[in-house]
Each structure stands twice: as C-alpha cells, then as structure tokens.
Amino acid sequence: MHLDLSELSQLAPIFRELFKGYHVSRRDPELYAQLSNFQDQYRTLFKALGFELVCDTRGFYYFVPDTAAAAAQVNKTAQRLALFTFILVEHLADQGRDPIAVLDGGSLGRDELPSLLEKYRDLFIQAEVQTQEELEEKIMRRMTQLGFASEDNGTYRFLPPMHRFLDVCLSVQQDRDLAASVHSVLPLPAPVIIDEDSDEKLLQTEDPLDLSDFAEESEEDALARAIAEEQETDA
C-alpha cells in the first residue's frame, strides 16, 4: 500500500497518545475522525514501526505491544484497573444499580469512593491502595489519563474503552462458572507482575487456557489472567 503521509495530518498526536497507552475514542473528535478515515493507512504505518493498531467496533482505538517479551507478564496499572472494575461491578449490583449502564457511559461520584474503599479494603490493599488519595492517584487518575473515563467537578464519567475491562470481568465470571461445573480443584500459578517504565500498556500472555485451573483462583489472579487472554484475542 502506498502511503501518502500528507493525508495523515494527525499522525504525531495520534502516535503520541497511543504510544503512552491512551485509548482514542469519540471524545477526541479530531484524532478519532482521522483514524476512522485513514484506518488502513495508519494500521500499515504503525505495523511497520512494530505496533498493532486495534479498532474496537464499540468506538475506540488502542495499541497492542508487538513483543514476545511481554508473554506471561501483567503490569500493575492494568491489574489495578481491572480489579477496580470488578469491585465496582459487584458494588453497583449490591446497590441494585445496573453495572453495565453505569460503566457504559454512566458516571460515579467522587463522594462514593470512601465507602467503596472501606467495603473492599482487603482487595484494595493487595493492589497497594489504602487511602482515598491513593485510590484517586493510582486508579481514577490513571483511568482518565488512559482514556477510560473523564472527570468533571468530582464526577467520573466512563467512556467506551471501559468495555475492555468489562470484557475481562465477564470472562472471569464465565471461567468461574465453567470451573464450578466440572468441580475442578487445581490451583492456578500466580502471574508475574512487573512494573515497567511504560506501565500503561496491557501486556500479553501465551499460556493456554485450562479451565481446570480456575476453582482456587483468587480474584486478583483471575483478573490478571483474563487481561492477558483478552490481549491475545485482540491480537
């Protein structure tokens, strides 16, 4: 394919945002329109540079790192965000609110964070989050930086890329249901967690799926494994 770089007028800002792990959605009209209009050209160019551009049909773009070194490794940021999504789904369901409606374009108030932190303190501690300040810094701020949510006057509104973590949660639940149906008792080895300089990217794993492993799996391990499997599916 012949590439006319003069057509790719938003190349620099698009690459800069995608490279740092940001998800471009309709909230970024100029970048999103440029990617939509020249999707094949951008995909070809980025592939030559070692990046895979993924277009999710639900309305957002992101990079998948193209490296075998990422196998079996899940970074802390991805794990924290997935764990928070899982916690939020359970919390909203307990309140009688529709989790999908909230996470698919709905909102969460900053004033709801203290009760959420207290209710799931043990899980947050395992994610190295113990105070509301850490929750806002390590999770909520990262969500806004990476394009999963926006924040306005203390209200967090969730954007289409949140579907990536919703997919993870659904995958975990489906795996648990299947594992329970075969009465498996084999534990899953804990995933390796690394803290890279570029910790925004969701990394891949090449480990095969084995449903017999899920019965004794902790929530954090299940989420970490599901993130990696979701990356393989996208790839």
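Structural notes, computed from the coordinates. All of these numbers come straight from a predicted model, not from anything done at the bench.

### Considerations on the overall build of the protein
- Each helix and strand counted, the protein has 10 helices and eight strands in total.
- Carbon and sulfur atoms provide 50% of the accessible area of the protein, an area that totals close to 11,500 Å².

### Observations regarding the sheet that holds strand E7 (residues 155-158)
- In spatial order, the strands read E5-E7-E6; together these three strands make up an open sheet with antiparallel pairing. Of all strands in the sheet, those with a lone pairing partner are strand E5 (107-109) and strand E6 (149-152), marking the two edges. Shown here is a sheet whose adjacent strand axes are inclined to one another by a mean of 20°, direction ignored.
- Note that E5 and E7 share three bridges and pair antiparallel. Looking across to E7, one finds that serine 107 is bridged to arginine 157.

### Section: the pattern of salt bridges
- Taken as a whole and assessed by the stated rule, the structure comprises 11 salt bridges.
- When the shortest N-O distance is used, the salt bridge between arginine 58 and aspartate 56 registers 2.9 Å.
- Three or more residues are tied together by salt bridges with common partners; here these are Arg16, Glu17 and Lys20.

### Description of the side chain of histidine 91
- Looking at the secondary structure, you find histidine 91 in helix H4 (residues 76-94).
- Taking the relative accessible area as the measure of exposure, histidine 91 reaches 5% and is therefore buried.
- Contact partners of histidine 91, with chain neighbours within four places excluded, come to Leu116, Lys119 and Tyr120.

### Some points on the packing of helix H1 (residues 11-19) against helix H2 (residues 29-37)
- The interhelical angle for the contact between H1 and H2, taken along N-to-C directions, is 100°, at an axis separation of 10 Å. Relative to H2, H1 is oriented roughly perpendicular. For the pair formed by H1 and H2, the contact residues are Pro13, Ile14 and Glu17 on the first element and Leu31, Gln34 and Leu35 on the second.

### Some words on the nonpolar core
- Phe84, Leu88, Phe124, Leu135, Ile139, Met143 and Phe158 are the most contacted members of the largest nonpolar core, which has 34 residues in total.
- Looking at this core, the elements with two or more residues in it are H4, helix H5 (99-103), helix H6 (113-119), helix H7 (121-126), helix H8 (132-145), E7 and helix H9 (163-181).

### A word on helix H3 (residues 39-48)
- Among all positions of H3, only Gln41, Tyr42, Leu45 and Phe46 are buried. Down the axis, H3 shows its buried residues gathered within 120° of arc, on one side only. Away from the buried face of H3 by more than 90 degrees, exposed residues Lys47 and Ala48 are located.
- At the C-terminal side of H3, glycine 50 shows a positive phi close to 95°.

### Comments concerning the packing of aromatic side chains
- The tally for this structure, following the rule as stated, stands at 11 aromatic pairs.
- Considering the side-chain rings of phenylalanine 15 and phenylalanine 46, the 5.9 Å spacing of their centres and the 35° angle between planes classify their relative orientation as tilted. On the criterion of sequence distance, the pair formed by phenylalanine 15 in helix H1 and phenylalanine 46 in helix H3 is long-range, its members being 31 residues apart.
- Accessibility expressed as a relative area gives 0% for phenylalanine 46, which makes it buried.
- With a centroid separation of 4.9 Å and an interplanar angle of 50°, the aromatic rings of phenylalanine 148 and phenylalanine 165 are classed as tilted. Residue phenylalanine 148 is found in the loop between H8 and E6, and its partner phenylalanine 165 is found in helix H9; the two are separated by 17 residues along the sequence. Pair check on accessibility: phenylalanine 148 and phenylalanine 165 agree, each one buried.

### What about the side chain of threonine 85?
- Counting through the fold element by element, threonine 85 comes out in helix H4.
- Taking the relative accessible area as the measure of exposure, threonine 85 reaches 0% and is therefore buried.
- Among all residues touching threonine 85, those that are not within four sequence positions of it are Leu103, Met143, Met162, Phe165, Leu166 and Cys169.

### A short note on the environment of leucine 166
- Summarising the element assignment, leucine 166 is placed in helix H9.
- With relative accessibility at 5%, the residue leucine 166 sits in the buried group.
- Each C-alpha atom of the pair leucine 166 and alanine 82 lies 8.2 Å from the other, and the pair is 84 residues apart in sequence.
- Once you skip the residues sitting within four places of it in the chain, leucine 166 turns out to touch Thr85, Val89, Ile100 and Leu103.

What counts as what
Residues numbered from 1 in each chain as written. Predicted model: local features only at pLDDT ≥ 70, side-chain atom pairs only at ≥ 80, totals over all residues. Heavy atoms only, no water. Helix = DSSP H or I, 4+ residues; strand = E, 2+ residues; numbered from the N terminus. Areas by Shrake-Rupley, 256 points an atom, 1.4 Å probe, with all protein chains shown as cover. Pairing = 2+ DSSP bridges. Axes fitted to C-alpha atoms, helices over the stretch in contact; angles between N-to-C directions. Salt bridge = Lys/Arg side-chain N within 4 Å of Asp/Glu carboxyl O. Buried < 20%, exposed > 50% of the residue type's maximum accessible area, 1.4 Å probe, protein only. Contact = heavy atoms within 4.5 Å. Parallel < 35°, antiparallel > 145°, perpendicular 65-115°, else oblique. Core = buried A, V, L, I, M, F, W, Y, C linked by side-chain atoms within 4.5 Å. Arc of directions from axis to C-beta. Phe/Tyr/Trp six-rings, centres within 6.5 Å; stacked < 30°, edge-to-face > 60°.

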